[in-house]
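For reference, the chains in residue letters:
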Amino acid sequence: MDSSRSFIRTSLLIVALITAVVAIVLSTPLSHSLMPLLAWKPLTSFFAQRQLSAYFSSKPMATNKPPVYFFSHGGPDVMYNTKHPVYPVLQNIGKEITEKVKPKAIVVFSGHWEAGPRRIEVNSVEHTDLIYDFYGFPKEYYKAQYPNKGSPELASKILGLLSQSGIKAEGVARGLDHGVWSGFHVAFHPERNPLNIPLVQVSLYGNQDVDMHYQLGQAVAALRDENIVIIGAGMSVHNLRDYMMTGGDPRPMPYTVSFDEALKEAVEAPPAERRARMLEVAKRPDARQAHPRFDHLMPVYVAAGAAGDDAGKQTWTMHEGTMGWAQYRFGSVPAS
C-alpha cells in the first residue's frame, strides 16, 4: 500500500511539472509553433487518467445490492388481525422495501410450495389467481384478493440461473399461495403501500434437505445485482400439530424459545461460518419439535444462501405458543 501511494505521489508531481512547463510555453511566441502538437492530446489528462485509474481499479468497488428478507408470514388471518403484534412489524418492513430499497421486482420462496425432491418450479405467467390453501377459516377468508403481476421475462432469467447451477427447473402456471399473499397484504397493502412491481414465486424442493435449499438461494443470488429483492416466507417455528393439541395456548412451548434463539445465533454468525452453523441448527433435538416438517423453515435457508457475504440480522421476533415469528434481513438498507 505504501509503495502504491508513493507511486501515485510521484506521478502527480510529474503531472504538475508538465502542466507548469506547458503553461510557460503557451505564454511565449513559441506556443504558435507547438500548438498543433499540444492539440494531439492533453498530456496532463493522459498521465492523470493512466496512473489514477490504475490505482483505483485495484480497489474493491462498493456494491448496492438490495437486502434479502425472511418473513414469518403467519396464517391467512394475519391480514385481518390488525391488533396482532406482527402486523405493524410487517407494515414497517414493507415500507422499508418500497420507500428505501425500491426494487424493480420481488422473487419469493414460500413454505407452501414444494416441487419435486430434486426439481424446482417457477411461476412463469403474468396473471395468476390466488390459492386458498387452508381449511376451517371463515368464509370471507376464501374471498380475499391480492392484486399481483408476474413477469415471464424474470421467470426465464431465474430458470437460466438455476440451469447454470445444475438445478433442474421448469416454468409452470400456478396461483399465489397464502404463504405469500397473506403476509404481503400487510407488508404491501394494495392501497396503503402497493407493490407496483413484478412478483415471481419460486418453489422449494419437495425434500427436507436444508443444504440443498441454501444452495438454491446461492443459485439465484445474482438477481440482487439487478436490484431484485429476494424474500423467503415461512415461520421461524411452526408446529400446527401441537397448536391443535394445546388449543392455541399462547404460552410459548420450550422448543419455541430454544429453537428460535438457536436459529438467530446461526443466522447472525459471520457469513463465512453461517452455512455450517445453520446446518447444525437443523440437527438439533428441538428442530423436529419446532418444525415437524421443514417446509416453513426452508425459506430462511434460501434467503441465507442468496445473501452471500452479507450479514444476517434478526429484526424482530415473538414466541407465541407453538409459533415463532422471527423476521430477518440480510444486508444493508440503502441510506434514504
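1. Observations regarding the nonpolar core
Item 1. Counting residues in hydrophobic clusters, the biggest one holds 50 residues, and the most contacted among them are Phe109, Ile158, Leu162, Leu223, Val300 and Tyr301.
Item 2. With 8 residues, the single largest contributor to this core is helix α12 (residues 298-307).
Item 3. Excluding residues within four positions of it along the chain, tyrosine 301 makes contact with Val210, His213, Tyr214, Met278, Leu279, Val281 and Ala282.
Item 4. Residues Leu90, Leu176, Val180 and Val229 belong to the second largest nonpolar core, which totals 34 residues.

2. Side note on the pattern of salt bridges
Item 1. Scanning the model with the defined rule gives 18 salt bridges in all.
Item 2. Measuring nitrogen to oxygen at the nearest pair gives 3.0 Å for the salt bridge that ties glutamate 121 to arginine 119.
Item 3. Among the ionic pairs, aspartate 211 bridges to arginine 275, the shortest N-O distance being 2.8 Å. Here aspartate 211 is found in helix α7 (residues 210-219), whereas its partner arginine 275 is found in helix α10 (residues 271-281), with 64 residues between them in sequence.
Item 4. Using a relative accessible area of 17% as the deciding quantity, one classes aspartate 211 as buried.
Item 5. Owing to a relative accessible area of 29%, arginine 275 belongs among the partly exposed residues under this scheme.
Item 6. Linked by salt bridges that have partners in common, Lys104, Lys157 and Glu226 make up one network.

3. What to know about the packing of helix α9 (residues 254-267) against α10
Item 1. Remark: α9 packs on α10, axes separated minimally by 8 Å, with the N-to-C direction vectors making an angle of 165°. Relative to α10, the element α9 is oriented roughly antiparallel. Judged by the sense of rotation from one axis to the other, the crossing of α9 with α10 is right-handed. Every residue of α10 that contacts α9 at Phe259, Ala262, Leu263, Glu265, Ala266 and Val267 is listed here: Arg274, Arg277, Met278 and Val281.
Item 2. Counted by class, the contact of α9 with α10 contains 7 nonpolar, no polar and 3 charged residues.

4. Section: α7
Item 1. Burial within α7 is extensive, with 8 of its 10 residues counted as buried.
Item 2. Every buried residue belonging to α7 is among Val210, Asp211, Met212, His213, Tyr214, Leu216, Gly217 and Ala219, and all of these are buried.
Item 3. Next to the buried residues of α7 lie β2 (105-114), β3 (119-123), α5 (152-164), β5 (199-204), α10 and α12.
Item 4. The N-cap of α7, judged by a side-chain oxygen 3.0 Å from the amide nitrogen of aspartate 211 a few residues on, is aspartate 209.

5. Some details on the confidence of the model for the protein chain
The predicted coordinates should not be examined in detail at positions where pLDDT is low.
Item 1. Averaged over the protein chain, the pLDDT score is 87; the fraction of residues at 70 or greater is 81%.
Item 2. For the stretch residues 1-8, pLDDT sits under 50, and the model shows 6 contacts to residues farther than four places along the chain or on other chains.
Item 3. Segment residues 15-62: pLDDT under 50, and 20 contacts once partners within four positions in sequence are set aside and those in other chains are kept.

6. Focus on the environment of tyrosine 87
Item 1. As for its position among the elements, tyrosine 87 is in helix α4 (residues 86-101).
Item 2. According to the relative accessible area criterion, tyrosine 87 is buried, its value standing at 7%.
Item 3. Sequence-wise, tyrosine 87 and histidine 73 are 14 residues apart; in three dimensions their C-alpha atoms are separated by 9.8 Å.
Item 4. Those residues in contact with tyrosine 87, other than ones at most four positions away along the chain, are Val78, Met79, Asn81, Thr82, Val186 and Arg192.

7. Focus on the packing of α7 against α10
Item 1. Two elements in contact, α7 and α10, have axes separated by 10 Å at closest approach and are oriented at 150°. In terms of their interaxial angle, α7 and α10 are classed as roughly antiparallel. Here the hand of the crossing between α7 and α10 comes out right-handed. Counted together, Val210, Asp211, Tyr214, Gln215 and Gln218 of α7 and Arg274, Arg275, Met278 and Leu279 of α10 form the full contact between these two elements.
Item 2. Its residues assigned to classes, the contact of α7 with α10 shows 4 nonpolar, 2 polar and 3 charged.

8. What to know about the pairing of strand β1 (residues 68-72)
Put simply, side chains in a regular strand alternate between the two faces of the sheet.
Item 1. Of all the 5 residues making up β1, 5 are buried; the element is thus mostly covered by neighbouring parts of the structure.
Item 2. Side-chain alternation along β1 places Val68, Phe70 and Ser72 on one buried face and Tyr69 and Phe71 on a second face that is also buried.
Item 3. Looking at chain direction, β1 and strand β11 (residues 327-330) are connected through 3 bridges and run antiparallel. Along β11, the bridge assignment pairs phenylalanine 70 with tyrosine 328.
Item 4. As defined by bridge partners, β1 adjoins strand β6 (residues 228-234) across 4 bridges and the pair is classed as parallel.

How each quantity is defined
- Residues numbered from 1 in each chain as written.
- Predicted model: local features only at pLDDT ≥ 70, side-chain atom pairs only at ≥ 80, totals over all residues.
- Heavy atoms only, no water.
- Core = buried A, V, L, I, M, F, W, Y, C linked by side-chain atoms within 4.5 Å.
- Buried < 20%, exposed > 50% of the residue type's maximum accessible area, 1.4 Å probe, protein only.
- Helix = DSSP H or I, 4+ residues; strand = E, 2+ residues; numbered from the N terminus.
- Contact = heavy atoms within 4.5 Å.
- Salt bridge = Lys/Arg side-chain N within 4 Å of Asp/Glu carboxyl O.
- Axes fitted to C-alpha atoms, helices over the stretch in contact; angles between N-to-C directions.
- Parallel < 35°, antiparallel > 145°, perpendicular 65-115°, else oblique.
- Left-handed = near helix turned anticlockwise from the far one by under 90°.
- Nonpolar A, V, L, I, M, F, W, Y, C, P; charged D, E, K, R; others polar.
- Polar contact = N/O pair within 3.5 Å; in protein donor to acceptor, adjacent residues only side chain to side chain.
- pLDDT = per-residue confidence, 0-100.
- Pairing = 2+ DSSP bridges.

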